[in-house]
Amino acid sequence: MSKDSLDDAALKALKRHFGHESFRPLQEEIISDSLQGSDIFALLPTGGGKSLCYQLPAVILDGLTVVISPLIALMKDQVDGLEANGVPATFLNSSLNKTEAKKRYARLFAGEYRILYVAPERLMLSSFLEDLRQWNVHRFAVDEAHCISEWGHDFRPEYRQLSNLRSLFPDLPFLALTATATDRVQTDILNQLRLKNPKTYVASFNRPNLTYRVETKQAVFQQILRYTQNRPFDSGIIYCHSRKATESLADRLRQSGIEALPYHAGMTPLKRIENQESFIRDETKVICATIAFGMGIDKPDVRYVIHQDLPKNVEGYYQETGRAGRDGLPSDCILFFSPGDVAKQLQFISEKRNRKERDVASEQLRQMVHYSESSECRRKTLLAYFSEEWPHGNCGNCDNCQYPKKTIDGTIPAQKFMSCIFRVQQASGFSVGINHIVDVLLGSQNEKVLKWGHNRLSTYNIGQEYKRADWQAFGRELVREGYIEQNPENHSVLELTSKGRLALKDRTPICLTQPVSIDKSQTHSRYSQTGAIDCDESLFATLRAVRKELADEHGVPPYIVFSDVSLREMARDFPTDEAQLSEISGVGLKKLERYGENFLSAITEYLDANPDTGIEALENTALPE
Ligand code: ADP
Ligand code: ZN
């Protein structure tokens, strides 16, 4: 086939098998190259649609595509999704009993599948390699390819054996896919897999449909409760710093009427799977988890990811928030920030024995605090972390762009703060932490202040015009701006830098962020709704119920039946026959055949019961201008 007719076939197959009208960024290029037989390295963010890059060529070309994947749980999910779309696919891993595995082998020998998922450890068994030669394999896809690199955060020794695969199958195209790769990991992947003149594709890491917000952590349970109560039909993940915290948060939410379950590595495997399944099947809306949760989750309709506690680094934060909104619908990423969390982590870091580890951890923490406290676009800060520039100015979809922080002439408070550091040091000959400085500024009578005689300093009790939290924020801002240094090696005590000493002496004007007290959670509806699909919400609810019933009947998660995008489009366009229904995104031939009738009759019934709805939609189709 020529390149053009292959590309044409790709677009047709996209609708026919997957029900999608168009490609996501870079999918088309990757698929086109793959159809031409090139080796490919593709770096796409979570939700970028990596699976389609090998699934679509697999349905167009004859033969078997072998997908190497590290996660057993995801294999089943992917195969369920493919089967729902009528693509013959299977997986082989340790979860299958002998009879089942035998059945699958027989069908592989009969050439009945297009896609086979395997774990790397099985792939390299010599008997398996023999079998592969008889299965008309026409390409390999290596999913989560960063697992091959020791420099990555998720190194799996089994992946290392994949480097032999190329010599065993020198003529077959390889496709390596990942959502995480620093330059070093990327080079490692190319070398290890010995990709031949690979076409490299790197998509933007921007996730336009995600809204980023940082909120001051005050009464965090109430803040979370209010948020979840406002969105009873949405699935969300709440990350907590400890196992105990996940349990107690889930308990308290349940006591307040929110279906929530915990998830952490200390639970029995059985309980963990049970809770995860319940979340995936839309029976539990909220999962309170440690960062152990997420890798094995493909749920596309997670509408929010909340971090109750400060994450340890920006990379982790980006990956965790990335689990929201894979389907492209608007979703929230909220971080609750408190200086207390920073102090706790500093303490924790200072207890690390290894100096190198300590340095890395404090640098990572510094970047995380910068993300949390900076008044710059959150998107811009996140992307910069991955060396990607954000050229568009105001993103309209983060708190800092939507509600820019005001600045004030902070010369006087800055002078007070810095001279207090200076006076303490001068009087006592040692330095103190941020809280002690604030105590002195606010005229506290606490034990340390009195014991050290800091109530006699000229800077004692000169800060009544601001609240404690404001002074702490000023202090941290002065650290960020380089006027003050915080020494993590020594209980995070504060010292003036030379820039600070100079500013103190010269009374240099200093800008500071105006303290805020507005509760941003009240105002979140004004964020951009990038990717939003307005629809009849009550029909959407009806369709969700239909979906859940069908999903249970077929033993699959609801999103395998149809995504929220499909249901929302149905509740917007009110399709009443098969032709109209097949126009809906996500409705391919197989799903039309399998589920079409159920949804069509639900929509028709709804329109009959609510004769006024849908008139507008009917008018739009019946009366073209
Ligand atoms: P990744 O593995 O990169 O995180 P997935 O392959 O899981 O992404 O795809 C994420 C979601 O996007 C899935 O629900 C998938 O059905 C959907 N998707 C992928 N490609 C398209 C497309 N071209 N149009 C619409 N939806 C798509
Ligand atoms: Zn922004």
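These numbers come from a predicted model, not from an experiment. (Residues numbered from 1 in each chain as written. Chains lettered and ligands numbered in written order. Predicted model: local features only at pLDDT ≥ 70, side-chain atom pairs only at ≥ 80, totals over all residues. Heavy atoms only, no water.)

Q: Break down the coordination of the zinc ion (ligand 2) for me, with residues and values.
A: Coordination of the zinc ion (ligand 2) by the protein is provided by Cys377 (SG), Cys395 (SG), Cys398 (SG) and Cys401 (SG), with metal-donor distances spanning 2.3 to 2.4 Å. Look at where the donors of the zinc ion (ligand 2) fall in the sequence and you get C-x17-C-x2-C-x2-C. On the basis of relative accessibility, which here comes to 10%, the residue cysteine 401 falls in the buried class. (Donors = N, O, S within 2.8 Å, 3.2 Å for Na, K, Ca; no water. Buried < 20%, exposed > 50% of the residue type's maximum accessible area, 1.4 Å probe, protein only.)

Q: For the sheet that holds strand β5 (residues 137-142), give the residues involved together with the corresponding values.
A: What the seven strands build is an open sheet, ordered β3-β4-β2-β5-β6-β1-β7; its pairing is parallel. One side of each edge strand has no neighbouring strand; the edge strands of this open sheet are β3 (89-92) and β7 (199-202). Ignoring which end each strand starts from, the neighbouring axes of this sheet average 15° apart. The strands touched by helix α5 (residues 98-109) within the sheet are β2 (64-68), β3 and β4 (115-118), with β3 carrying the most contacts at an inclination of about 130°. (Pairing = 2+ DSSP bridges. Helix = DSSP H or I, 4+ residues; strand = E, 2+ residues; numbered from the N terminus. Axes fitted to C-alpha atoms, helices over the stretch in contact; angles between N-to-C directions. Contact = heavy atoms within 4.5 Å.)

Q: Give a description of the pattern of salt bridges that names residues and reports values.
A: With the rule as written, the count across this model stands at 39 salt bridges. The salt bridge involving glutamate 100 is made with arginine 104; its shortest N-O contact spans 2.8 Å. Within this pair, glutamate 100 and its partner arginine 104 are both found in helix α5, separated by four residues, close to a single helical turn. Here glutamate 100 falls in the partly exposed class, since its relative accessible area comes to 24%. For arginine 104, a relative accessible area of 14% corresponds to the buried category. Among the ionic contacts, a cluster of salt bridges with common partners joins Arg213, Glu215, Arg231, Asp234 and Asp332. (Salt bridge = Lys/Arg side-chain N within 4 Å of Asp/Glu carboxyl O.)

Q: So, the nonpolar core: which residues are in play, and what are the values?
A: Counting 139 residues, the largest nonpolar core has Leu56, Leu123, Leu132, Phe140, Leu165, Met570 and Phe599 as the members making the most contacts within it. For this core, the leading source of residues is helix α28 (residues 589-609), giving eight residues. With sequence-adjacent residues up to four places away left out, phenylalanine 599 is seen in contact with Leu543, Val546, Arg547, Leu550, Val561, Phe562, Leu567 and Met570. Among the nonpolar cores identified, the runner-up in size contains 28 residues, and Val432, Trp471, Tyr483 and Ala503 belong to it. (Core = buried A, V, L, I, M, F, W, Y, C linked by side-chain atoms within 4.5 Å.)

Q: An account of the domain arrangement of the protein is needed here, citing residue identities and associated values.
A: What the domain assignment lists for the protein is domain 1 (3-202), domain 2 (210-399), domain 3 (407-515) and domain 4 (537-622). The distance between the C-alpha centroids of domain 1 and domain 4 comes to 32 Å. Between domain 1 and domain 4, the contact holds 13 residues from the first and 15 residues from the second. Among the residues domain 1 hides against domain 4, the three largest losses belong to Arg16, Asp77 and Ala84. Together they make up 41% of the total. Linking domain 1 with domain 4 are zero salt bridges. Applying the counting rule to domain 1 against domain 4 returns six residue pairs in polar contact (both at pLDDT 80 or more). Counting residues per element, the ones that place at least two in the side of domain 1 that touches domain 4 are α1 (3-18) and α4 (72-84). Grouping the constituent residues of the side of domain 1 that touches domain 4 by class yields two nonpolar, five polar and six charged. (Domains from an automatic or database assignment. Buried area = accessible area lost by both parts, 1.4 Å probe. Polar contact = N/O pair within 3.5 Å; in protein donor to acceptor, adjacent residues only side chain to side chain. Nonpolar A, V, L, I, M, F, W, Y, C, P; charged D, E, K, R; others polar.)

Q: Can you tell me about unusual backbone geometry, naming the residues and giving the values?
A: Even without being glycine, glutamate 144 reaches a positive phi, approximately 50°. Looking at the element boundaries, glutamate 144 is found in the loop between β5 and α8 (157-160). At asparagine 461, a residue that is not glycine, the phi angle is positive and equals roughly 60°. Among the structural elements, asparagine 461 can be located in the loop between α21 (447-451) and α22 (468-480). Residue asparagine 461 is classed as partly exposed on the basis of its relative accessible area of 37%.

Q: Before we move on, can you summarise the site of ligand 1 with the specific residues and values?
A: Around ligand 1, the structure places 14 residues, and the nearest of them are Ser22, Arg24, Gly47, Lys50 and Ser51. One of the side-chain N or O atoms of glutamine 27 is found 3.0 Å from a nitrogen atom in ligand 1. Between ligand 1 and the protein, one listed contact pairs an oxygen atom with a side-chain N or O atom of serine 51 at 2.6 Å. Protein contact buries 80% of the 560 Å² of open area that ligand 1 shows by itself. (Near = heavy atom within 4 Å. Areas by Shrake-Rupley, 256 points an atom, 1.4 Å probe, with all protein chains shown as cover.)

Q: Would you mind going over the packing of aromatic side chains in detail, with residue names and values included?
A: Summed over all chains, the structure comprises 21 aromatic pairs. Here tyrosine 263 and phenylalanine 293 contribute two aromatic rings whose centre-to-centre distance is 4.8 Å and whose plane-to-plane angle is 65°, an arrangement assigned as edge-to-face. Here the residue tyrosine 263 occupies a position in strand β10 (residues 260-263), and phenylalanine 293 occupies one in the loop between β11 (286-289) and β12 (302-307), the gap between them amounting to 30 residues. Residue tyrosine 263 is classed as buried on the basis of its relative accessible area of 9%. The class of phenylalanine 293 is buried, set by a relative accessible area of 0%. Taken together, the ring pairs in this structure connect Tyr105, Phe109, Phe128 and Trp135 into an aromatic cluster. Its end group placed over the ring of phenylalanine 540, arginine 544 keeps NZ or CZ at 4.6 Å from the ring centre. (Phe/Tyr/Trp six-rings, centres within 6.5 Å; stacked < 30°, edge-to-face > 60°. Lys NZ or Arg CZ within 6 Å of the ring centre and 35° of its normal.)

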